[in-house]
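# Architecture and fold: a report
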Amino acid sequence: MVELTIVGRLADGLPLAQGPRYVNKDNENFIFYRQQAEFILKEISRGALTPSKMTILIDHHSFNYLVENGVCFITLCDSSYPRKLAFYYLQDLQKEFEKLDNTLIHKITSPYTFHKFDGVIRHIRKQYVDTRTQANLSKLNADRQKDIDIVTQHISEIWERKRNSGRETTVATHPAAPTIWGSPLLEVIALKWTPITIVVAAASVLLWASLILTEDFIISTL
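All of these numbers come straight from a predicted model, not from anything done at the bench.

On a plain count of helices and strands, the chain comes out with seven helices and six strands. Counted from the first residue to the last, the chain has its helices and strands arranged as β-β-α-β-β-β-α-α-α-α-β-α-α. Burial analysis of the chain (222 residues in total) assigns 34% to the buried set. Accessible area of the chain: about 13,900 Å², with a carbon and sulfur share of 60%.

See below:
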């Protein structure tokens, strides 16, 4: 069944509207899944998820999303719900959203305050609760030879990429400071002064040795 729906703006990843909550009626589960949906919306917004349609597996559920004209439609379904039907549901939401005034959407500044569309989500969702209705069976049987070809990933893969991206950004913004030992300047200095240093050191050793021998000679003659 369709358990959670979020509609968000891609420009800044702001969630605009949501449907009624149906995630086990458990507040902790609802908050968890909504946070995951918001994370997916942010990843799409920043370009980390590029497909316009995608299925993301999580626990015994799946998020399905559809991106169209700068707006993202995300729904959470249990694993037994037909994915093809989930995307028909998202397409119906998108068609209804297109009828609205875009200027209103751009004026929204707080999350989940586009309440006008909450009612639309509720109404369309009712049409997809029972997968055995004649309308839904017709949708499932339509174009059976052209079943939906959607990219599928697990939520853990997306989180892992996000963590790796954070580490790479940290390295890129804090590059290791170049040391003098690896600099070209040191190589020039070494090539120029090493022979001189060796000669001076050798002369110092010879001078020191001659002084010691002279001192020993003087002492022995006393």
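Next, the rest of the story.
Further remarks concern the pairing of strand 2 (residues 14–18). For strand 2, the tally of buried residues reaches five of five residues, placing the bulk of the element in the interior. Summarising the sheet, strand 1 (residues 2–9) and strand 2 pair through four bridges and their orientation is antiparallel. If you follow Gly 8 over to strand 2, its bridge partner there is Pro 15.

Among the nonpolar cores identified, the biggest contains 26 residues, and Tyr 89, Leu 93, Phe 97, Phe 114 and Phe 117 are the most heavily contacted of them. Broken down by secondary-structure element, the contributors of at least two residues to this core are strand 1, strand 2, strand 5 (71–78), helix 2 (83–98) and helix 4 (115–126). It is helix 2 that contributes the most residues to this core, seven residues altogether. Tyr 89 has contacts with Val 2, Thr 5, Thr 75, Ile 121, Ile 124, Arg 125 and Tyr 128, leaving out every residue within four places of it along the chain. Ranked by size, the runner-up nonpolar core spans 23 residues in total, among them Ala 37, Ile 40, Tyr 65 and Tyr 112.

So, about the packing of aromatic side chains. Across all of its chains, the model carries seven aromatic pairs by this definition. Considering the side-chain rings of Phe 39 and Trp 159, the 3.7 Å spacing of their centres and the 5° angle between planes classify their relative orientation as stacked. On the criterion of sequence distance, the pair formed by Phe 39 in helix 1 (residues 27–45) and Trp 159 in helix 6 (residues 155–173) is long-range, its members being 120 residues apart. With a relative accessible area of 9%, Phe 39 lands in the buried category.

Another point: the sheet that holds strand 4 (residues 61–68). If you trace the six strands from one edge of the open sheet to the other, you get 2-1-5-4-3-6, paired in mixed fashion. The outermost strands of the open sheet, each flanked by one partner alone, are strand 2 and strand 6 (151–154). Ignoring which end each strand starts from, the neighbouring axes of this sheet average 25° apart. Each of strand 1 and strand 2 touches helix 4; the most contacted strand, strand 2, lies at about 55° to it.

What follows covers the side chain of Asp 92. Within the secondary structure, Asp 92 is located in helix 2. On the basis of relative accessible area, Asp 92 is assigned to the buried category, the value being 19%. There is a polar contact of 2.5 Å between the side chain of Asp 92 and the side chain of Tyr 128. Filtering out sequence-adjacent residues up to four positions away, Asp 92 remains in contact with Ile 124, Tyr 128 and Lys 139.

Another point: the packing of helix 2 against helix 4. Between helix 2 and helix 4, whose axes approach to 10 Å, the crossing angle comes to 145°. Crossing geometry of helix 2 relative to helix 4 is assigned as right-handed. Residues Tyr 89, Asp 92, Leu 93, Glu 96 and Phe 97 of helix 2 lie in contact with helix 4, whose contacting residues are Phe 117, Val 120, Ile 121, Ile 124 and Arg 125. Class assignment for the residues of the contact of helix 2 with helix 4 results in seven nonpolar, no polar and three charged.

Looking now at unusual backbone geometry. If you check the backbone angles, Asp 59 has positive phi at about 50° while not being a glycine. As for its placement among the helices and strands, Asp 59 is situated in the loop between strand 3 (53–58) and strand 4. In this structure, Asn 69 takes a positive phi of about 55° despite not being glycine. Its location among the elements puts Asn 69 in the loop between strand 4 and strand 5.

So, on to the packing of helix 2 against helix 5 (residues 134–141). Put simply, helix 2 and helix 5 touch, their axes get as near as 9 Å, and they point 110° apart. The orientation of helix 2 with respect to helix 5, classified from their angle, is roughly perpendicular. Packed against helix 2, whose contacting residues are Lys 84, Leu 85, Tyr 88 and Asp 92, the element helix 5 presents Asn 136, Lys 139 and Leu 140 at the interface. The residue makeup of the contact of helix 2 with helix 5, split by class, is three nonpolar, one polar and three charged.

Reading guide: rules and limits
- Residues numbered from 1 in each chain as written.
- Predicted model: local features only at pLDDT ≥ 70, side-chain atom pairs only at ≥ 80, totals over all residues.
- Heavy atoms only, no water.
- Helix = DSSP H or I, 4+ residues; strand = E, 2+ residues; numbered from the N terminus.
- Buried < 20%, exposed > 50% of the residue type's maximum accessible area, 1.4 Å probe, protein only.
- Areas by Shrake-Rupley, 256 points an atom, 1.4 Å probe, with all protein chains shown as cover.
- Pairing = 2+ DSSP bridges.
- Core = buried A, V, L, I, M, F, W, Y, C linked by side-chain atoms within 4.5 Å.
- Contact = heavy atoms within 4.5 Å.
- Phe/Tyr/Trp six-rings, centres within 6.5 Å; stacked < 30°, edge-to-face > 60°.
- Axes fitted to C-alpha atoms, helices over the stretch in contact; angles between N-to-C directions.
- Polar contact = N/O pair within 3.5 Å; in protein donor to acceptor, adjacent residues only side chain to side chain.
- Left-handed = near helix turned anticlockwise from the far one by under 90°.
- Nonpolar A, V, L, I, M, F, W, Y, C, P; charged D, E, K, R; others polar.
- Parallel < 35°, antiparallel > 145°, perpendicular 65-115°, else oblique.

That's the geometry; what it means functionally is another story.
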